[in-house]
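Per-entry structural report
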Amino acid sequence: MTETESAGPERFRLLANYIAGRSINIAEAPAGSLAYINTDAILVSRGSSVDEQRREVLVQSALLGAGSLDARLMKVLRARPAVARRYLSLEGRRVLSDLAERMPIAATALPEDGKSSTATADESLEIAKGNAEVAEPPAWFGILKPSQLVSLSGPGTKATDKDMRLEFDLSDLPETEDEDEDDQSKFSESKILKLFDNPLFSNKTMADFLRKLMGTSRTPGEEAAGGELQIRSVRRSAKAGPDARPLATPIHFTDDGKPAAALGIHGALHPEWDTFNNCYKEDWCRVLDFPLAVPADVADAGVIHDEVLRRRLSRVGLGPKVLRSRADGDDLDIEALIDLFVDLRSGFSPPEHIYTERRKLARNLGVLILLDASGSVTEADGDGLAVHEHQRRAAATIAATLEELGDRVAVYAFRSEGRRAVHLPAIKTFGQRFGALGRARLNQLQPSGYTRLGAAIRGAAEILKTEAGTPNRLLLVLSDGYPYDQGYEGKYAEADTHRAFEEVRADGVAVLCLSIGATADTDALARVFGSASHASAEKLSDLSPRMDELFLSSLKELAVSKSRG
């Protein structure tokens, strides 16, 4: 006997794992039984040749890998042996035909009576349940035991939420292997269970559970009562597997279903200025920033390119930068002077660029773009384009331009539902690239809620101060300038927003407010934005030619306020 022959069916384990896409054991079935698969392993026919066992492993692992043995399909086949056999014949041919396209070994195992006539497992199931003629499966296709596959969760499968919580449905309790024979003569009738046959106890799930628990039974063996109940346990592991994930936990709301007022989600508390009482309301607003993780179509990731804006923003220099090897300048460049001396001694006559020049070219700029995503920006202009659409396009163009220029950029939206729920969904954080997914999410952002602008400004400024990592920080607010929320309107809201701008500037954050596409009242904007730099226009392109002036004036005003302080 050779080493290969003595290896037994375990020799096919690597092949089965590759085809099934998960870890699966290989063992021999009881004597006289055809090949089948259960929750633990693929069982090949005992005593068959190596070629025969290889073909059995091929079809069973292909069925597993193709999803043909999913629980939703197996539930339909329980106690229906004829349908299960027809389904096996159709699906076996289908999965082997698909596998043959990428594995030549599967092509040699295809039955001689033709290829697949179905395209999906659901189609195979529908035909199997019908009256159409279906060829008998070859003996090496084995058999299906749906009762053992309903809760297929062997090694390597992904745990469901029910598995992680140790929950199970009583209706999913497995039947016995002999259910296909449908031999009811083996089952003895329990007199106790007749009590549950009356209409008051007609619930099928409860009756099935009691039958199993009291050992009536559908089990012809000598097992104790409740022997069919699945045993579940928790085991600690030294490391997480490839399919490890956190358990989803439902959020319990405490304030009219507002996400920011949920148990376990505290957010950051910020004060609010009460102009009528001339004092702060401490810890009055809860601001919650969170990643915007909604699905988005990357086909909608286009950003309008503005060359004028790019040229203007490229001129924004905030710090001195030493330029070497200049034809004229303030100081001698010692390194360039040495290079010139060496070249002259070597017989070359290079240009005499031996000076250094200091120019304001260094940027070191961090910008947080705060986009108004409240319901107040749904008003449309004469062309039918909403204010939100104008501001959203502006945010995308400015963010993409600044990122191209090497600045650190973040994009957040804001909306509110009362003082306990001021949301700052993060479209792009400082540590992320403004890629196709982020652009698509921004382009598909829909306005809703209210505009508690003061709390949003305080929350965004805190993110900018802690995460930008640059000496120069600019908060760019894109809003229509109309703060409004529950108990937050008129003079009260304007005064709080005005005070919020003063606070963040005092903390070393420059502020620039742009109102694009909105029919903004100049006096109202002045009351809201105060001394902070602000501008309004119908389109971003109207502001692009002077965007560098707006940026620099905002940062210079910050420098002036610092010197006065």
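Everything discussed here concerns the structure shown above.
In this text, all values refer to a predicted model and were calculated from it rather than measured experimentally.

**Section: the pairing of strand S3 (residues 41-44)**
- Neither face of S3 is open: one carries Ala 41 and Leu 43, the other Ile 42 and Val 44, and all of them are buried.
- In this structure, strand S1 (residues 25-28) lies alongside S3, joined through four bridges in parallel fashion. Following the sheet pairing, Ile 26 is matched in S3 by Ile 42.
- Relative to S3, strand S2 (residues 36-37) runs antiparallel, the two being bridged by two bridges. Directly across from Ile 37, in S3, lies its bridge partner Ile 42.
- Between S2 and S3, which pair antiparallel one after the other, the connecting turn spans three residues.

**A closer look at a nonpolar patch on the surface**
- A surface patch of nonpolar side chains, amounting to about 560 Å² of accessible area, comprises Leu 332, Ile 334, Leu 337, Ile 338, Phe 341 and Val 342.
- Top contributing element to the nonpolar patch by residue count: helix H11 (residues 334-345), with five residues.
- Its location among the elements puts Ile 334 in helix H11.
- Judged by its relative accessible area of 52%, Ile 334 is exposed.

**Notes on the sheet that holds strand S14 (residues 533-537)**
- One open sheet holds the eight strands; their spatial order is S4-S5-S11-S10-S9-S12-S13-S14, and the pairing between them is mixed. Of all strands in the sheet, those with a lone pairing partner are strand S4 (268-274) and S14, marking the two edges. For this sheet, the mean inter-axis angle between neighbouring strands, taken without regard to orientation, is 25 degrees.
- As paired strands, strand S13 (residues 510-516) and S14 are joined by five bridges and run parallel to one another. Counterpart to Leu 514 in the pairing with S14 is Ala 535.
- Those strands touched by helix H14 (residues 453-467) are S4, strand S5 (279-291), strand S9 (365-372), strand S10 (408-416), strand S11 (422-428) and strand S12 (472-478), and its axis lies near 155 degrees from that of S9.

**Some remarks on the sheet that holds S2**
- The strand order S1-S3-S2 describes an open sheet built from three strands, whose pairing is mixed. Each edge of the open sheet is held by one strand with a lone partner, namely S1 and S2.

**What about the packing of helix H2 (residues 13-20) against helix H3 (residues 50-65)?**
- Here H2 crosses H3 at 25 degrees, and the two axes come no closer than 8 Å. The angle between the axes of H2 and H3 places the two elements in the roughly parallel class. For the pair H2 and H3, the crossing hand works out as right-handed. The segment H2 lies against H3, with Leu 15, Ala 16, Ile 19 and Ala 20 engaging Arg 54, Val 57, Leu 58, Ser 61, Ala 62, Leu 64 and Gly 65.
- Classifying every residue of the contact of H2 with H3 gives eight nonpolar, two polar and one charged.

Rules and cut-offs
Residues numbered from 1 in each chain as written. Predicted model: local features only at pLDDT ≥ 70, side-chain atom pairs only at ≥ 80, totals over all residues. Heavy atoms only, no water. Buried < 20%, exposed > 50% of the residue type's maximum accessible area, 1.4 Å probe, protein only. Helix = DSSP H or I, 4+ residues; strand = E, 2+ residues; numbered from the N terminus. Pairing = 2+ DSSP bridges. Patch = residues over 30% accessible without salt bridge, like charges linked within 9 Å, V, L, I, M, F, W, Y side chains within 5 Å. Areas by Shrake-Rupley, 256 points an atom, 1.4 Å probe, with all protein chains shown as cover. Salt bridge = Lys/Arg side-chain N within 4 Å of Asp/Glu carboxyl O. Axes fitted to C-alpha atoms, helices over the stretch in contact; angles between N-to-C directions. Contact = heavy atoms within 4.5 Å. Parallel < 35°, antiparallel > 145°, perpendicular 65-115°, else oblique. Left-handed = near helix turned anticlockwise from the far one by under 90°. Nonpolar A, V, L, I, M, F, W, Y, C, P; charged D, E, K, R; others polar.

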